[in-house]
Amino acid sequence: MSYLFPNYARDTIDLVAGSGSYVQDQNGTNYLDFMSGIAVSNLGHNNPIVMEALFEQADKIWHSSNLYSNHLQEQVAEKLTMGKDYLAFFCNSGTEANEAAIKLARKATGRSTILSFEQSFHGRTYGALSATGQPALQEGFYPIVEGFDYLPYNQLGPLKEKLDDSVAAVMLEVIQGEGGIIPADKEWLQAVAKLCKENDSLLIIDEIQTGMGRTGTFYAFEDYQIEPDIITIAKALANGIPVGAMIGKSKLAKAFGPGSHGTTFGGNNLAMKVANAVIREINQQEFLSSVAAKGNYLMEELSKLIEKSDKVIAVRGKGLMIGVELSSPETLQVVIQQLKEQRLLAIKAGKSVLRLLPPLTISQSELEQGLEIISKVILNDM
Ligand SMILES: Cc1ncc(COP(=O)(O)O)c(C=O)c1O
């Protein structure tokens, strides 16, 4: 019997240890990790750089309070703003980062409407859930927050129609993650940014899954030559220590004055010390280029499966955020189960997309090993 709410469809394996690109279950079985705790363990498991930062801070002070100055938050904020005119707010998760973004956008603009996109995912708390363009996830939780509307992704016409002076912000993922690894078209995203600017609406880019080097640049939007007003980030920010951040243009600061928004744990010392080390490691050109190169290799090899098997419909993504669209949800379920039997962990996205999110530190030989397992399973060659 379980003492837990059944809100997750949990697999029976219980991961009790991890090292690099491998995790181990309660029976001592090792698996090649192609999901990184859903894009969290970007630097792999038990990374010595992350551990050193954690242990060093654990010996000093874990938590102070946001009532006091915090030099570690200042250091992380400086890194996240990348020399541009932004400020940061720290929280504990992705959904909280999006809550902060929605609140800031409404208060700063004095407008109420938030436009987001069909099959988007922004989190489970009421504001973020209301921005999530998946009716199935809202089912049973009505009424959701007022003032949200959902538009078709990668289409400009419907956005032009809705963009009036009630629109506080347009919120989107550069690659829709949970929705099925769907990348934004470059021209579309650039046009969205331009339209937002012309309409004095803020552009909120949710980098919670795509950020932290996952796509081969520190933030995925960097490849699109746009400048968001607000960026949200979480998941891999401290490689598994819970933390989130909202980064917004400094001109928005007036709307987030003392007492306007807050959290007890957000940006606590442990999380900040680790985040500092994680960003330092990831935000180096050599590291980011290696992610892009590994991603290109994986995409190219996986794309060969389209011709070899009618189970594979398409391969999409960028860097080490890759989706293999399979022929049906049933096929996907079988493939994920067989991958697990062959000791590789991967997860689904959308209805029938195999989502691959290996640690960014994965070696070439581990990538090849993963590819071999995936090919064998898809081609029924076991
Ligand atoms: C794009 C995106 N936004 C927001 C979230 C919510 O983050 P969290 O689960 O940390 O609340 C997720 C989580 O999967 C996500 O992928």
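Residues numbered from 1 in each chain as written. Predicted model: local features only at pLDDT ≥ 70, side-chain atom pairs only at ≥ 80, totals over all residues. Heavy atoms only, no water.

*Asks:* Tell me about the domain arrangement of the protein chain, residues and numbers included.
*Replies:* For the protein chain, the assigned domains are domain 1 (15-46 + 285-378) and domain 2 (49-282). Domain 1 and domain 2 are separated by 26 Å when their C-alpha centres are compared. Facing the 29 residues of domain 1 at the interface are 28 residues of domain 2. Counting the surface lost from both domain 1 and domain 2, the interface buries some 2300 Å², and carbon and sulfur atoms represent 60% of this. The interface formed by domain 1 and domain 2 contains two salt bridges. Asp-223 is paired through a salt bridge with Lys-318; the nearest N and O atoms lie 2.1 Å apart. (Domains from an automatic or database assignment. Contact = heavy atoms within 4.5 Å. Buried area = accessible area lost by both parts, 1.4 Å probe. Salt bridge = Lys/Arg side-chain N within 4 Å of Asp/Glu carboxyl O.)

*Asks:* I'd like a rundown of the environment of Ile-175, residues and numbers included.
*Replies:* With respect to the helices, strands and loops of the structure, Ile-175 is situated in strand E8 (residues 175-176). Each residue touching Ile-175, except ones within four places of it in the same chain, is listed here: Tyr-153, Ile-181, Ile-182, Pro-183, Thr-210, Thr-215, Lys-318 and Met-321. (Helix = DSSP H or I, 4+ residues; strand = E, 2+ residues; numbered from the N terminus.)

*Asks:* Describe the side chain of Glu-207, with residues and values.
*Replies:* Tracing the chain through its elements places Glu-207 in the loop between strand E10 (202-206) and strand E11 (230-233). Of the side chains with opposite charge, Lys-318 lies nearest to the buried Glu-207, which makes no salt bridge, at 9.9 Å. Beyond its immediate stretch of four places on either side in the chain, Glu-207 contacts Val-174, Tyr-219, Ala-220, Phe-221, Ile-231, Thr-232 and Ile-233. (Buried < 20%, exposed > 50% of the residue type's maximum accessible area, 1.4 Å probe, protein only. Lys, Arg positive; Asp, Glu negative; His and termini not counted.)

*Asks:* Tell me about the pattern of salt bridges, and please be specific about residues and values.
*Replies:* Following the criterion strictly, the structure yields 12 salt bridges and no others. Asp-149 is the salt-bridge partner of Lys-162, the closest N and O atoms lying 2.8 Å from each other. Residue Lys-162 is found in helix H7 (residues 157-162), and its partner Asp-149 is found in strand E6 (residues 148-151); the two are separated by 13 residues along the sequence. Judged by relative accessible area, Asp-149 falls into the partly exposed class, the value being 25%. Here the salt bridges share partners, and the residues they tie into one network are Glu-227, Asp-229, Lys-249 and Lys-251.

*Asks:* Can you explain the site of the ligand? Please cite residues and give values.
*Replies:* As a matter of local geometry, the ligand sits amid 13 residues, with Gly-94, Thr-95, Asp-206, Gln-209 and Lys-235 nearest to it. At a separation of 2.7 Å, a nitrogen atom of the ligand approaches a polar side-chain atom of Asp-206. With respect to the ligand, the side chain of Gln-209 contributes an N or O atom lying 2.8 Å from an oxygen atom. Against a free-state accessible area of 390 Å², the protein chains account for coverage of 82% of the ligand. When residues of the shell around the ligand are assigned to their parent elements, the largest contribution, three residues, is made by helix H4 (residues 94-109). Residues of the shell around the ligand, tallied by class, amount to two nonpolar, seven polar and four charged. (Near = heavy atom within 4 Å. Polar contact = N/O pair within 3.5 Å; in protein donor to acceptor, adjacent residues only side chain to side chain. Areas by Shrake-Rupley, 256 points an atom, 1.4 Å probe, with all protein chains shown as cover. Nonpolar A, V, L, I, M, F, W, Y, C, P; charged D, E, K, R; others polar.)

*Asks:* With reference to specific residues and values, describe the nonpolar core.
*Replies:* Grouped together as the largest cluster of nonpolar side chains are 79 residues, with contacts concentrated most on Leu-80, Val-170 and Leu-302. Lining this core are residues from two domains, each supplying at least three of them: domain 1 (15-46 + 285-378) and domain 2 (49-282). Discounting chain neighbours no more than four positions away, the residues touching Leu-80 are Phe-90, Phe-218, Tyr-219, Leu-237, Ala-245, Ile-247 and Ile-279. The next biggest cluster of nonpolar side chains, apart from the first, holds 20 residues, and it includes Ala-97, Ala-105, Ala-168 and Met-171. (Core = buried A, V, L, I, M, F, W, Y, C linked by side-chain atoms within 4.5 Å.)

*Asks:* Quick one: what's the story with the packing of helix H3 (residues 71-81) against helix H9 (residues 269-282), residue by residue and with numbers?
*Replies:* Their axes nearest at 9 Å, the elements H3 and H9 cross at an angle of 35°. Once H3 is placed against H9, the crossing between them reads as left-handed. In this structure, H3 uses Leu-72, Gln-73, Gln-75, Val-76, Lys-79 and Leu-80 to contact H9, whose residues at the interface are Asn-269, Met-272, Lys-273, Ala-275, Asn-276, Ile-279 and Arg-280. When grouped by side-chain class, the residues that make up the contact of H3 with H9 number six nonpolar, four polar and three charged. (Axes fitted to C-alpha atoms, helices over the stretch in contact; angles between N-to-C directions. Left-handed = near helix turned anticlockwise from the far one by under 90°.)

*Asks:* Explain the pairing of strand E12 (residues 244-249) to me, and be specific about the residues and the numbers.
*Replies:* With six of its six residues buried, E12 lies for the most part within the structure. As paired strands, strand E4 (residues 86-91) and E12 are joined by six bridges and run antiparallel to one another. If you follow Leu-87 over to E12, its bridge partner there is Gly-248. The pairing of E11 with E12 spans four bridges and is classified as antiparallel. (Pairing = 2+ DSSP bridges.)

*Asks:* I'd like to hear about the packing of aromatic side chains, residue by residue, with values.
*Replies:* Scanning the model with the defined rule gives six aromatic pairs in all. With 6.2 Å between their ring centres and 75° between their planes, Phe-89 and Phe-256 make a pair best called edge-to-face. Note that Phe-89 is positioned in strand E4 and Phe-256 in the loop between E12 and H9, a separation of 167 residues in sequence. Here Phe-218 and Tyr-219 contribute two aromatic rings whose centre-to-centre distance is 4.9 Å and whose plane-to-plane angle is 85°, an arrangement assigned as edge-to-face. The exposure class of Tyr-219 is buried, given its relative accessible area of 1%. Put simply, the rings of Phe-117, Tyr-153 and Trp-188 pair up and form one aromatic cluster. (Phe/Tyr/Trp six-rings, centres within 6.5 Å; stacked < 30°, edge-to-face > 60°.)

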